[in-house]
Amino acid sequence: MANVVLVTGVSRYLGGLYARRLSHDPSIERILGVDVVPPRHSIGRAEFVRADIRNPMIGRIMSQAGVDTVVHMNVIATPKDMGGRVTQKEINVIGTMQLLAACQKSESVTRLVVKSSAAVYGSSPKDPAMFSEDMSPKSLPRTGFGKDSVEVEGYVRGFSRRRPDVEITMLRLANVVGPTIHTSITDYFSLPIVPIPLGFDARFQLVHEDDAIAAMILATTGSAVGIVNVAGDGFVTVTQCTAIARRPVLPVPLSSGGLLGAIVKRSGLADFSADQLTMLAFGRGLDTTRMRTVLGFEPVFTSRSAFEDFARHLRPAVPGVDGVGGAVSDAAGGTAAAIARVFDRIQP
């Protein structure tokens, strides 16, 4: 049972939300929230400790507080929030290495919980319809957050071999959405005009921010379960999402994803990469059997209702855009005629 919990990344949205929710559990004696900058939001009864997980000092903090459970929430998906890709990779990879080194030396740590991502599965036309936790993708992610997540999981597996006495749970979360959180996927569907891969309409899963945190809390206070996929029931497609979000679309060739991503990034509107466009072309499916049978978790939101909750808080892209959703929904195939109908409806 967790008594003294150290949480990384509490100054970020999900880390802060996790700390607040964990604070409601009276069985947790003490919570330490670690980050490099003070949080601007409440972290409940967690005690903020200003520290960098890339620094060996994190080991002294664990030792002095007698930490028995480490929850690693500081695997960052959005480089623009951290000042760029270099800083993101340093925090994700180097930070995880240092954190695990501190855990390995600690005599008090008995459990490690890691927020991982379904991005480890990548996305390609050769992939299976559904990934179970013991399956590997045909093509591993080669860049960005997906590659970081693969490396992080590799270090965690190495740590588990060196410290078999430490219980480990890694949750591979589907793309997280909700009314407040900002991620690459929420930024993408918030664009005034959403670029979609020409000729594709991928299906994928989502998890609501509340469900993501509830699963992390259960992973902390319940039994250790190893690696578990976490996603809402059902699937959504790209054109369904643009219809729900009432966004006009711009079909673009998949080969131009890199150039388009660079333009969108420089505009400051979203973290949009070629890898993301690939996922939105080929999709990704997660088998969530272990989520229910082993973790014992049942999401409140389906993939669709999670996206609808996010979309309810979006402002219209342009005046008179209310008719866009229906037109895009009708245009599941993404034909040129359907795109013309959409733009006809938004003319003043």
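The structure we're discussing is the one just above.
Remarks on empty space enclosed by the protein
To find leftover empty space, one rolls a probe the size of a water molecule over the atoms.
Thinking step 1. If you walk through the whole model with that rule in mind, you get 3 cavities of 30 Å³ or more.
Thinking step 2. For the largest cavity, the calculated volume is near 50 Å³.
Thinking step 3. Lining the largest cavity are A118, A174, N175, F204, Q205, M279, R284 and L286.
Thinking step 4. Its residues assigned to classes, the lining of the largest cavity comprises 5 nonpolar, 2 polar and 1 charged.

Concerning the nonpolar core
Thinking step 1. Counting 40 residues, the largest nonpolar core has Y18, L171 and V230 as the members making the most contacts within it.
Thinking step 2. Those elements that provide at least two residues to this core are strand 1 (4–8), helix 1 (13–22), strand 6 (167–173), helix 6 (209–221) and strand 11 (226–230).
Thinking step 3. With 6 residues, the top contributor of residues to this core is helix 6.
Thinking step 4. Setting aside its immediate chain neighbours within four residues, V230 contacts L171, R172, L173, A174, V207, A215, L286, M291 and F297.
Thinking step 5. Membership of the second largest hydrophobic core comes to 28 residues, among which are I53, M62, L100 and V114.

Re a nonpolar patch on the surface
Thinking step 1. Judged by side-chain polarity, I94, M97 and Y155 come together as a nonpolar surface patch covering roughly 240 Å² of accessible area.
Thinking step 2. Structurally, the position occupied by Y155 is in helix 4 (residues 144–162).

Details of the pairing of strand 5 (residues 111–117)
Thinking step 1. Buried residues dominate strand 5, accounting for 7 of its 7 residues.
Thinking step 2. Every second residue of strand 5 is oriented toward a common face, with R111, V113, K115 and S117 on one face and L112, V114 and S116 on the other, all of them buried.
Thinking step 3. The pairing of strand 4 (residues 69–72) with strand 5 spans 4 bridges and is parallel. Across the sheet, T69 pairs through a bridge with R111, a residue of strand 5.
Thinking step 4. Bridge count between strand 5 and strand 6: 7 bridges; the pairing is parallel. What sits directly across from V114, in strand 6, is M170.
Thinking step 5. Following the chain from strand 5 across helix 4 to the adjacent parallel strand 6, one finds a crossover that is right-handed.

About the thresholds
- Residues numbered from 1 in each chain as written.
- Predicted model: local features only at pLDDT ≥ 70, side-chain atom pairs only at ≥ 80, totals over all residues.
- Heavy atoms only, no water.
- 1 Å grid on protein atoms, 1.4 Å probe; cavity = no way out; pocket = protein on both sides within 12 Å on 5 of 7 lines; lining within 4 Å.
- Points joined across faces, edges and corners; volume = space filled by probe spheres on them.
- Nonpolar A, V, L, I, M, F, W, Y, C, P; charged D, E, K, R; others polar.
- Core = buried A, V, L, I, M, F, W, Y, C linked by side-chain atoms within 4.5 Å.
- Buried < 20%, exposed > 50% of the residue type's maximum accessible area, 1.4 Å probe, protein only.
- Helix = DSSP H or I, 4+ residues; strand = E, 2+ residues; numbered from the N terminus.
- Contact = heavy atoms within 4.5 Å.
- Patch = residues over 30% accessible without salt bridge, like charges linked within 9 Å, V, L, I, M, F, W, Y side chains within 5 Å.
- Areas by Shrake-Rupley, 256 points an atom, 1.4 Å probe, with all protein chains shown as cover.
- Salt bridge = Lys/Arg side-chain N within 4 Å of Asp/Glu carboxyl O.
- Pairing = 2+ DSSP bridges.
- Right-handed = clockwise from strand over helix to strand, strands pointing away.

Such coordinate-based values are descriptive only and should not be taken to indicate function.
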